[in-house]
Amino acid sequence: MEIVVTGRNTEVKDSFRTHLSDKLQKIEQFAPHTQRVEVEITHEPNPSQNDTSERIEITVRDKGPVVRAEASASDRYGALDLAAQKLFERLRRKHEKLKNRRKGDKREHPVEDLPIEELLSKPEPEVEEEEQRIPREPGETVETPLGDSPAIVRQKLYEAKPMSIEQAIDEMELVGHPFYLFIDEETKQPCAAYRRRGWTYGVIRLDATTSDYGPGEES
């Protein structure tokens, strides 16, 4: 199991890398076929956010769907404990679902995950031609300023394969997002599943066949 650690606005000491590696060994109990674990550690320098200045995001990639968890705390070790706790619980639920499916459920396993926050970015303003505004290769990340504001828009490109609504909801729960983008395998429409109150969910569909009309044009 490969563990890749990335620091954003911070350096990661060897002592913390060792502690992190020891804690994440438990992943193999629930996902023995894990190939790669990606850990992103972010430090927020703003003094007004001291209580959440350390954020850790852990992503587990194996032969099935991606599982992700993240947490923030005032110190790095506390953030790791919270994120790992969420991650182990999601891996346990995934493990139990796979066991139940092997006992008689013939559905196909869900496909790769499609993080929502990174894909629902606002359109970019016009920039110089040599500046890349959007990611062009799967897995590539591009960060650009939002107009003249200090806000930064981070975009990442993922491959999307058609799936059922049930699979999309499973994926959403595994990565811990409040909503989830996917392509409906029956209609081929771009869709977004989201949580409602209680144990109910909603689905928003986009009509990708709608024509664009220029100024003065009518249908």
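One structure accompanies this document, and this report is about it. Bear in mind the structure is a predicted one, so any value in this text is a computation, not a measurement. (Residues numbered from 1 in each chain as written. Predicted model: local features only at pLDDT ≥ 70, side-chain atom pairs only at ≥ 80, totals over all residues. Heavy atoms only, no water.)

**Some points on the pairing of strand β8 (residues 179-184)**
Argument step 1. Bridge count for strand β7 (residues 162-163) against β8 is 2 bridges, and the pairing is parallel. Of the residues in β8, the one forming a bridge with P162 is I183.
Argument step 2. Handedness of the crossover joining β7 and β8 through helix α4 (residues 165-175): right-handed.
Argument step 3. Where β8 and strand β9 (residues 190-195) come together, 5 bridges link them in antiparallel fashion. Paired with Y180 across the strands is A193, a residue of β9.
Argument step 4. Between β8 and β9, which pair antiparallel one after the other, the connecting turn spans 5 residues, and K188 there sits at a positive phi close to 65°. (Pairing = 2+ DSSP bridges. Helix = DSSP H or I, 4+ residues; strand = E, 2+ residues; numbered from the N terminus. Right-handed = clockwise from strand over helix to strand, strands pointing away.)

**Considering the packing of aromatic side chains**
Argument step 1. Taken as a whole, this structure holds 1 aromatic pair when the rule is applied.
Argument step 2. Between F16 and Y77 the ring centres are 5.0 Å apart and the planes differ by 85°, which places this aromatic pair in the edge-to-face class. Of the two residues, F16 sits in helix α1 (residues 14-24) while Y77 sits in helix α3 (residues 76-102), which places them 61 residues apart along the sequence.
Argument step 3. Here Y77 falls in the partly exposed class, since its relative accessible area comes to 37%.
Argument step 4. One Lys or Arg, R76, reaches over the ring of F16 and ends 5.8 Å from the middle of that ring. (Phe/Tyr/Trp six-rings, centres within 6.5 Å; stacked < 30°, edge-to-face > 60°. Buried < 20%, exposed > 50% of the residue type's maximum accessible area, 1.4 Å probe, protein only. Lys NZ or Arg CZ within 6 Å of the ring centre and 35° of its normal.)

**As for the pattern of salt bridges**
Argument step 1. The full count for this structure, using the stated rule, is 17 salt bridges.
Argument step 2. Across the pair E57 and R55 runs a salt bridge, and its minimum N-O distance is 3.6 Å.
Argument step 3. Note on R55: relative accessible area 22%, which makes it partly exposed.
Argument step 4. Among the charged side chains, a salt-bridge network with shared partners connects R8, E40, R55, E57, R68, E70, E143 and R154. (Salt bridge = Lys/Arg side-chain N within 4 Å of Asp/Glu carboxyl O.)

**Description of the nonpolar core**
Argument step 1. If you look at the biggest cluster of nonpolar residues, it comprises 26 residues, and the most contacted ones within it are I27, V39, I56 and I58.
Argument step 2. At the level of elements, α1, α2 (27-30), β2 (36-43), β3 (54-61), β4 (67-73) and α3 are the ones that each hand at least two residues to this core.
Argument step 3. Broken down by element, this core gets its largest block of residues, 7 residues, from α3.
Argument step 4. Excluding its chain neighbours within four sequence positions, the residues that come into contact with I56 are F16, V39, E40, I41, A69, E70, A71, R76, A79, L80 and A83.
Argument step 5. Among the nonpolar cores identified, the runner-up in size contains 9 residues, and I169, M172, C191 and A193 belong to it. (Core = buried A, V, L, I, M, F, W, Y, C linked by side-chain atoms within 4.5 Å. Contact = heavy atoms within 4.5 Å.)

**Points about the pairing of β9**
Argument step 1. With 5 bridges joining them, β9 and strand β10 (residues 201-205) adopt antiparallel strand pairing. Within the sheet, the bridge partner assigned to R195 lies in β10 and is Y201.
Argument step 2. Adjacent in sequence and paired antiparallel, β9 and β10 are bridged by 5 residues, among which G198 carries a positive phi angle near 65°.

**Comments concerning the sheet that holds β8**
Argument step 1. With mixed pairing, 4 strands are arranged side by side in an open sheet as β7-β8-β9-β10. Of all strands in the sheet, those bounded by a partner on one side alone are β7 and β10.
Argument step 2. α4 rests against β7, β8, β9 and β10 of the sheet, and its axis sits at about 150° to β8. (Axes fitted to C-alpha atoms, helices over the stretch in contact; angles between N-to-C directions.)

**Looking at the side chain of R76**
Argument step 1. The residue R76 is located in helix α3 in this model.
Argument step 2. Setting aside anything within four residues of it in sequence, one finds R76 in contact with T10, E11, V12, F16, I41, E54 and I56.

**Looking at unusual backbone geometry**
The bulk of non-glycine residues show a negative phi, and the bulk of peptide bonds are trans.
Argument step 1. Even without being a glycine, N9 presents a positive backbone phi close to 65°.
Argument step 2. Tracing the backbone shows N9 in the loop between β1 (2-8) and α1.
Argument step 3. N9 sits in the exposed class, given a relative accessible area of 64%.
Argument step 4. The phi angle at K188 is positive, at roughly 65°, despite the residue not being glycine.
Argument step 5. Mapped onto the secondary structure, K188 falls in the loop between β8 and β9.

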